[in-house]
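# Close look at the chain arrangement
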Amino acid sequence: MFVTNASRGLPRHRSRYPAERYTRWALRALTALLVLAMLWLVVAFHLRGQWMFSLLFLVLGASLAIVFGKRELMSHRYIFPALAGMGVFVIFPLVYTIGISFSNYSSSNLLSEERVRAQFLDQTYQAEGQAFDFRLVREGNRTRLYLDAKGAGDLEGMRRLVSEPLAHAVEGQPLAVESAEAAPSGEALGLREVIALRDRLQSLTLVTPDGTELKMAGLRSFAPMLPRFAENPDGSLTDRRDGTTLTPDHERGFFVTEDGERLTPGWPVAVGLDNYTKIFTDPDIRGPFLQIFVWTFVFAGLTVVFTLAVGFLLASLLQWEHLRGKALYRTVLILPYAVPAFISILIFKGMFNQNYGEINLILENLFGISPDWFTDPALARTMLLIVNTWLGYPYMLLLCMGLIQSIPRDLFEASAVDGGGPLTNLFRITLPLILKPLTPLLIASFAFNFNNFVLIALLTEGSPDILGASTPAGTTDLLVSYTYRIAFQDAGQNFGLAAAIATLIFLLVVGLSALNLRLSKVKV
């Protein structure tokens with residue numbers, strides 16, 4: 001007689017499918033661990049003052065717990081990783097960039113106000129008239145520092161000090177000194193030996209019995225290092241050297257002196273639309289920005305036109321019935337597409353070299369000219385278009401070849417019967433039939449070249465520079481490379497202004513793509 005699970009009163013699924021039950025428990029345990037990890041990141045970023053990252057992981061952890069905790073949302077578990085990745089790597093950077101654009105975040109306003117205040121309070125200065133002359137005295141295997149105030153003012157009655165052996169010094173920890181009645185008996189080291197130990201002596205911090213710290217102030221002296229600033233109840237700082245007061249300016253994010261001078265470093269503060277208005281109102285920024293803005297559109301548009309023209313022409317020639325060796329020609333013409341772009345760009349950079357490049361050598365031998373490709377703005381832009389056309393035409397060649405082959409041959413036969421020639425077939429049959437399906441791909445190519453950072457960075461680096469610009473700007477810069485240079489190559493590293501320009505680039509690309517798709521009657 002067989003005993004079933006039902007007769008024992010046990011649920012069938014628990015005993016018949018143990019592996020499925022263990023998998024479900026493992027999934028729940030993994031979900032719980034991930035949620036705990038997210039919570040730990042939330043707390044860690046919150047304690048460091050990074051509230052945006054803390055909010056990101058809070059939303060991510062809550063979404064993970066909800067999606068994987070509710071049975072009703074089981075179908076959403078498969079798409080959750082993709083949505084989470086899009087949120088972390090696309091949406092969050094975009095929102096973060098937009099947030100930075102409303103601040104004065106830069107290399108001068110980088111730290112939080114608390115860290116800036118701590119940096120000022122950590123500054124020290126050498127007290128005048130209280131320096132100690134020192135000697136290095138060797139006693140057997142031990143070497144000590146002997147300090148003597150001599151004619152200078154003593155430090156609260158301490159005129160002679162002697163340190164513990166230098167061998168007891170631990171990196172990052174002070175070395176104690178104590179009062180001495182007389183100089184220690186031993187051999188005083190000469191100047192040459194002192195110079196040999198200078199790096200070690202400069203890293204030493206000596207602490208007197210009353211807690212005063214002494215640092216090396218010269219090749220033969222140590223001096224007390226006193227805190228330079230004192231914090232006042234109202235949040236201001238007083239400079240103990242001259243009694244001046246530093247007041248925190250929360251509108252500009254700096255400590256300012258009584259004369260209005262700003263002291264760096266500062267901290268980020270909200271500036272509203274200042275970065276956006278500066279782009280269009282500051283003449284030193286507006287001029288270069290508009291010039292680069294126009295060139296970016298021209299560069300992207302001409303690149304699409306040239307690559308399409310070359311690709312379409314070659315694709316049409318490869319469809320010629322009487323052409324032999326089509327397979328070989330296709331392989332050779334598509335080779336530039338197989339070579340990594342950065343390799344081709346660097347090769348062209350050498351070929352266009354003004355002194356040793358092959359292109360100038362040929363032009364000089366044939367026509368007696370040697371163009372300044374990298375210093376003349378017009379020639380530099382022409383060089384960019386030539387190189388980018390070479391890099392982009394294979395893509396258009398592949399697209400046009402596929403679209404031309406999809407055209408029914410009956411149309412060309414009917415055109416031949418009516419007396420149509422190659423030009424008639426080109427403008428009446430081929431172009432009208434391939435342009436409509438090609439339009440979305442042309443829009444994508446325009447958007448790619450609108451942000452073609454690699455070409456500019458490797459070939460011209462934006463040069464030649466635009467004269468009179470207050471930001472690093474070049475005549476061959478695109479908006480994306482211009483933004484990069486403002487953020488990472490400028491001496492001020494103005495991240496807020498760069499974020500504002502990046503936001504405008506995003507809005508431009510989205511707007512142009514939507515407009516072009518609407519005009520081409522392609523549903524988004």
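Please read these numbers as outputs of a predicted model, since none were measured by experiment.

We now examine the packing of aromatic side chains. Applying the stated rule across the entire model yields 27 aromatic pairs. Between phenylalanine 120 and phenylalanine 255, the aromatic rings sit 5.4 Å apart at their centres with planes inclined by 70 degrees, giving edge-to-face as the arrangement. Taken as a pair, phenylalanine 120 in helix H6 (residues 113-122) and phenylalanine 255 in strand S13 (residues 254-256) lie far apart in primary sequence, 135 residues in all. Plain terms: the ring middles of tyrosine 337 and tyrosine 395 are 6.3 Å apart, the flat faces sit at 35 degrees to each other, and that makes the pair tilted. One end of the pair, tyrosine 337, is in helix H11 (residues 326-338); the other, tyrosine 395, is in helix H14 (residues 377-405), with 58 residues separating them in the sequence.

Before going further, it helps to examine the nonpolar core. With 44 residues, the main nonpolar core has Ile279, Phe289, Leu397, Leu438, Phe450, Tyr482 and Ile501 as its most contacted residues. Among the secondary structure elements, those contributing two or more residues to this core are helix H9 (274-281), helix H10 (283-318), H14, helix H16 (422-450), helix H18 (479-488) and helix H19 (495-519). Those residues within four positions of leucine 438 in sequence are excluded, and the remaining contacts are Leu308, Leu399, Cys400 and Leu403. In this structure, Phe134, Leu145, Leu161 and Leu201 belong to the second largest nonpolar core, which totals 18 residues.

Let us now look at H6. Among the residues making up H6, those that are buried are Glu113, Val116, Arg117 and Phe120. Along H6, the residues classed as buried sweep out an arc of 100 degrees about the axis, all on the same side. Counted as exposed and oriented over 90 degrees from the buried face of H6: Glu114, Arg115 and Asp122. Of the surrounding elements, those touching the buried residues of H6 are strand S10 (229-231), strand S11 (237-239), strand S12 (245-249), S13 and strand S14 (262-263).

Turning our attention to the sheet that holds S11. In space, the five strands of this open sheet follow the order S10-S11-S12-S13-S14, with antiparallel pairing throughout. Across the chains shown, the open sheet's two edge strands, defined by having one partner strand only, are S10 and S14. Where S10 meets S11, three bridges bridge the pair, whose relative direction is antiparallel. Bridged to glutamate 231 within S11 is leucine 237.

This part covers the packing of H11 against H14. In contact at an axis separation of 6 Å, H11 and H14 are set at 130 degrees when each is read in the N-to-C sense. Classed by the angle they form, the pair H11 and H14 counts as oblique. In terms of crossing hand, the pair formed by H11 and H14 is left-handed. Of the residues in H14, those touching H11 at Arg330, Leu333, Ile334, Pro336 and Tyr337 are Trp390, Tyr393, Pro394, Tyr395, Leu397, Leu398, Met401 and Gln405. Considering only residue class, the contact of H11 with H14 consists of 11 nonpolar, one polar and one charged.

Summarising the element assignment, serine 203 is placed in the loop between helix H8 (198-202) and strand S7 (206-207). For the pair formed by serine 203 and leucine 313, sequence separation is 110 residues and the distance between their alpha carbons is 71 Å.

A separate point is the environment of isoleucine 66. Along the chain, isoleucine 66 turns up in helix H4 (residues 51-69). A relative accessible area of 45% places isoleucine 66 in the partly exposed class.

To continue, consider the pairing of S12. Both S11 and S12 contribute to a ladder of two bridges, which runs antiparallel. Counterpart to threonine 238 in the pairing with S12 is threonine 245. Between the end of S11 and the start of S12, which pair antiparallel, lie five residues, with glycine 243 showing a positive phi angle near 80 degrees. Hairpin connection from S12 to S13: four residues lie between these consecutive antiparallel strands, with glycine 253 at a positive phi of about 80 degrees.

In this section: the confidence of the model for the chain. Averaged over all residues, the pLDDT of the chain is 85; the fraction at 70 or higher stands at 93%. With pLDDT under 50 throughout, residues 1-15 is counted as low confidence; its partners more than four residues away or in other chains account for nine contacts.

Before going further, it helps to examine the pattern of salt bridges. As enumerated under the stated definition, the model contains nine salt bridges in all. With a shortest N-O distance of 3.1 Å, aspartate 239 and arginine 228 are connected by a salt bridge. Note that aspartate 239 is positioned in strand S11 and arginine 228 in the loop between strand S9 (221-227) and S10, a separation of 11 residues in sequence. Across the salt bridge formed by arginine 485 and aspartate 465, the nearest N and O atoms sit 3.4 Å from each other. A residue pair is termed long-range when its members are at least 10 positions apart, and arginine 485 in helix H18 and aspartate 465 in the loop between helix H17 (453-459) and H18 qualify at 20 residues. For aspartate 465, a relative accessible area of 49% puts it in the partly exposed group. What emerges from the salt-bridge pattern is a single network uniting Glu113, Arg117 and Glu231.

Okay, the side chain of threonine 307 next. The residue threonine 307 is located in helix H10 in this model. On the basis of relative accessible area, threonine 307 is assigned to the buried category, the value being 2%. At 2.6 Å, the side chain of threonine 307 forms a polar contact with the backbone oxygen of threonine 303. There is a polar contact of 3.2 Å between the side chain of threonine 307 and the backbone oxygen of valine 304. With residues near it in sequence (within four places) discarded, threonine 307 still touches Asn388, Thr389, Gly392, Tyr393 and Met396.

Conventions we followed
Residues numbered from 1 in each chain as written. Predicted model: local features only at pLDDT ≥ 70, side-chain atom pairs only at ≥ 80, totals over all residues. Heavy atoms only, no water. Phe/Tyr/Trp six-rings, centres within 6.5 Å; stacked < 30°, edge-to-face > 60°. Helix = DSSP H or I, 4+ residues; strand = E, 2+ residues; numbered from the N terminus. Core = buried A, V, L, I, M, F, W, Y, C linked by side-chain atoms within 4.5 Å. Buried < 20%, exposed > 50% of the residue type's maximum accessible area, 1.4 Å probe, protein only. Contact = heavy atoms within 4.5 Å. Arc of directions from axis to C-beta. Pairing = 2+ DSSP bridges. Axes fitted to C-alpha atoms, helices over the stretch in contact; angles between N-to-C directions. Parallel < 35°, antiparallel > 145°, perpendicular 65-115°, else oblique. Left-handed = near helix turned anticlockwise from the far one by under 90°. Nonpolar A, V, L, I, M, F, W, Y, C, P; charged D, E, K, R; others polar. pLDDT = per-residue confidence, 0-100. Salt bridge = Lys/Arg side-chain N within 4 Å of Asp/Glu carboxyl O. Polar contact = N/O pair within 3.5 Å; in protein donor to acceptor, adjacent residues only side chain to side chain.

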